[in-house]
Amino acid sequence: MVNFSNDVDILKYEPVLFGELHLPWQALAAGSGGTLSGTTFTASGADFVSALVTTGQIIYLQSADGSLDGTYEIVSVDSATELTVSVIRTDSNDEPIAPPAATDISYRISTFGPQASEVGYQLTEYFGIGPGNPASDIDAEDVLYADVLKRASVFAVISSVYAMLASKAKDENFWKKSSYYQKLFEMARERCRLSIDIDGDGVADITKTGASKRMVRD
């Protein structure tokens, strides 16, 4: 399984996909009675570990009094009942930013991980590397600075999600959104320039470009 983007990356473009347009069948955890103090969210009775909640996913929080209502990134899973969460950050290496404190919170964690994995497979197939091309002697792990594929992955995931929503709701606006992000994906993929380290010395040996998919020895 190769993912070049995560849910936080998607949130930066389409927050609504973690709100009213979330996919209920891809909710990992949900409940009520949570407490948020600083960056620590606690929900007794939850089991975030068994639910496979992980860093880079998104949690939607809504307090009973309405003082808290929004989506936040999951920085870490600290125990079965406790998470470190943050207001969306520019850089994942920045210190977590505390949301407003609240009690009696309803929460939901949904993910687009399955779609990101499918896109990851498609991108490696396009560039002729593993796992998309099992016959290749180059794997995704051999790509230096794989973040160059992040934007293409995000756009492809969002496009596929809106296409799925459009097929269920018969909403023309969803189709337009899907088409828009598909075009962004195609442009982002063409601009990708993959530096590949064949011998594991940390230096690029060949380059694959998205526009032509051909290899160029550096």
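Whatever comes next refers back to the structure up there.
Nothing here was measured: the structure is a model prediction, and the numbers come from that model. Chains are numbered independently. Their residues run from 1 in the order of the written sequence. Selection of residues for local features in this predicted model requires a pLDDT of at least 70, selection of side-chain atom pairs for listing and counting requires 80 or more, and totals for whole chains, interfaces and linings are taken over all residues. Calculation of side-chain values draws on the structure's entire complement of heavy atoms; hydrogens and water are dropped beforehand.

Engineer: Summarise the overall build of the protein chain; cite the residues concerned and give the values.
Structural biologist: Under the DSSP-based scheme used, a helix requires at least four consecutive residues in state H or I and a strand at least two consecutive residues in state E, with every element numbered from the N terminus. Helix and strand counts for the protein chain come out as four helices and 10 strands. Along the chain direction, N to C, the helices and strands of the protein chain fall in the order α-β-β-β-β-β-β-α-β-α-α-β-β-β. Overall size of the protein chain, expressed as C-alpha extent along the three principal axes, is 60 × 45 × 30 Å. Within the protein chain, the proportion of its 218 residues that are buried is 46%. Should any heavy atoms of two residues lie within 4.5 Å, those residues are considered in contact. Of the contacts formed within the protein chain by residues at least 6 apart in sequence, a portion of 63% connects residues at least 24 apart. Residue exposure (1.4 Å probe, protein chains only): buried if accessible area is under 20% of the type maximum, exposed if over 50%, otherwise partly exposed.

Engineer: Pulling in residues and values, what's your account of the pattern of salt bridges?
Structural biologist: Every case where a carboxyl oxygen of Asp or Glu lies within 4 Å of a side-chain nitrogen of Lys or Arg is listed as a salt bridge. The full count for this structure, using the stated rule, is three salt bridges. Between Lys177 and Glu14 there is a salt bridge, and its shortest N-O distance comes to 2.8 Å. In this pair, Lys177 sits in helix α4 (residues 172-191) while Glu14 sits in the loop between α1 (7-11) and β1 (27-37), placing the two residues 163 residues apart along the sequence. According to the relative accessible area criterion, Lys177 is partly exposed, its value standing at 32%. You can call Glu14 buried: its relative accessible area is 5%. Of the charged contacts in the structure, one is a salt bridge between Glu73 and Arg89, with a shortest N-O distance of 3.0 Å. With Glu73 in strand β4 (residues 69-77) and Arg89 in the loop between β5 (82-86) and β6 (102-110), this pair connects stretches of sequence that are 16 residues apart. You can call Glu73 buried: its relative accessible area is 4%.

Engineer: Describe in detail the packing of helix α3 (residues 150-169) against α4, supporting the description with residues and values.
Structural biologist: Between N-to-C directions, angles span 0 to 180 degrees; the directions come from axes that are lines fitted to C-alpha atoms, helices contributing only their stretch in contact. Two elements in contact, α3 and α4, have axes whose closest approach is 8 Å; the angle formed by their N-to-C orientations is 160°. When the axis of α3 is compared with that of α4, the two are roughly antiparallel. For α3 against α4, the interelement crossing comes out left-handed. Of α4, the residues touching α3 (which contributes Arg151, Ala152, Phe155, Ala156, Ile158, Ser159, Tyr162, Ala163, Leu165, Ala166, Ser167 and Ala169) are Phe174, Trp175, Lys177, Ser178, Tyr181, Gln182, Leu184, Phe185, Ala188 and Arg189. Three classes are used, and their members are as follows: Ala, Val, Leu, Ile, Met, Phe, Trp, Tyr, Cys and Pro are nonpolar, Asp, Glu, Lys and Arg are charged, and the others, Gly among them, are polar. Class assignment of the residues belonging to the contact of α3 with α4 gives a composition of 15 nonpolar, four polar and three charged. We call two directions roughly parallel when the angle between them is under 35 degrees, roughly antiparallel when it is over 145, roughly perpendicular when it lies between 65 and 115, and oblique otherwise. Left-handed is the label given to a crossing in which the near helix is rotated counterclockwise from the far helix by less than a right angle, and right-handed is the label when the rotation is clockwise.

Engineer: Tell me about the sheet that holds β4, and please be specific about residues and values.
Structural biologist: Note on pairing: two strands pair once DSSP finds at least 2 bridges between them. Strands sit in the order β1-β2-β5-β4-β3-β6 around a closed barrel of six strands; the barrel is antiparallel. For this sheet, the mean angle separating the axes of adjacent strands, direction not counted, is 45°. In this structure, β1 lies alongside β6, joined through six bridges in antiparallel fashion. By the bridge assignment, Ala27 is partnered in β6 with Ser110.

Engineer: Describe in detail the packing of helix α2 (residues 113-126) against α3, supporting the description with residues and values.
Structural biologist: Two elements in contact, α2 and α3, have axes separated by 9 Å at closest approach and are oriented at 125°. Between α2 and α3, the angle is such that the two are oblique. The two elements α2 and α3 cross, and the hand of that crossing is right-handed. Each of Gln115, Ala116, Val119 and Leu123 in α2 lies in contact with α3, whose residues at this interface are Ser153, Ala156, Val157, Ser160, Val161 and Met164. Its residues assigned to classes, the contact of α2 with α3 shows seven nonpolar, three polar and no charged.

Engineer: Tell me about the packing of aromatic side chains, residues and numbers included.
Structural biologist: For any pair of aromatic rings, the description rests on two quantities: the centre-to-centre distance and the angle between the ring planes. Think of it this way: a Phe, Tyr or Trp ring, Trp meaning its six-membered ring, pairs with another when their centres are within 6.5 Å, and the plane angle makes it stacked under 30 degrees, edge-to-face over 60, tilted otherwise. This structure, assessed with the given rule, holds eight aromatic pairs. Between the aromatic rings of Tyr13 and Phe155, the centroid separation amounts to 5.3 Å while the plane-to-plane angle is 80°, which identifies the pairing as edge-to-face. Of this pair, Tyr13 sits in the loop between α1 and β1 while Phe155 sits in helix α3, placing them 142 residues apart in sequence. Taking the centre distance of 6.0 Å and the plane angle of 40° together, the rings of Phe155 and Tyr181 count as tilted. In this pair, Phe155 is assigned in helix α3 and Tyr181 in helix α4, connecting sequence segments 26 residues apart. Per residue, the accessibility class of Phe155 equals that of Tyr181, and both read buried. Each member of the aromatic cluster is reached from another via a ring pair, and the members are Tyr13, Phe155, Tyr180 and Tyr181.

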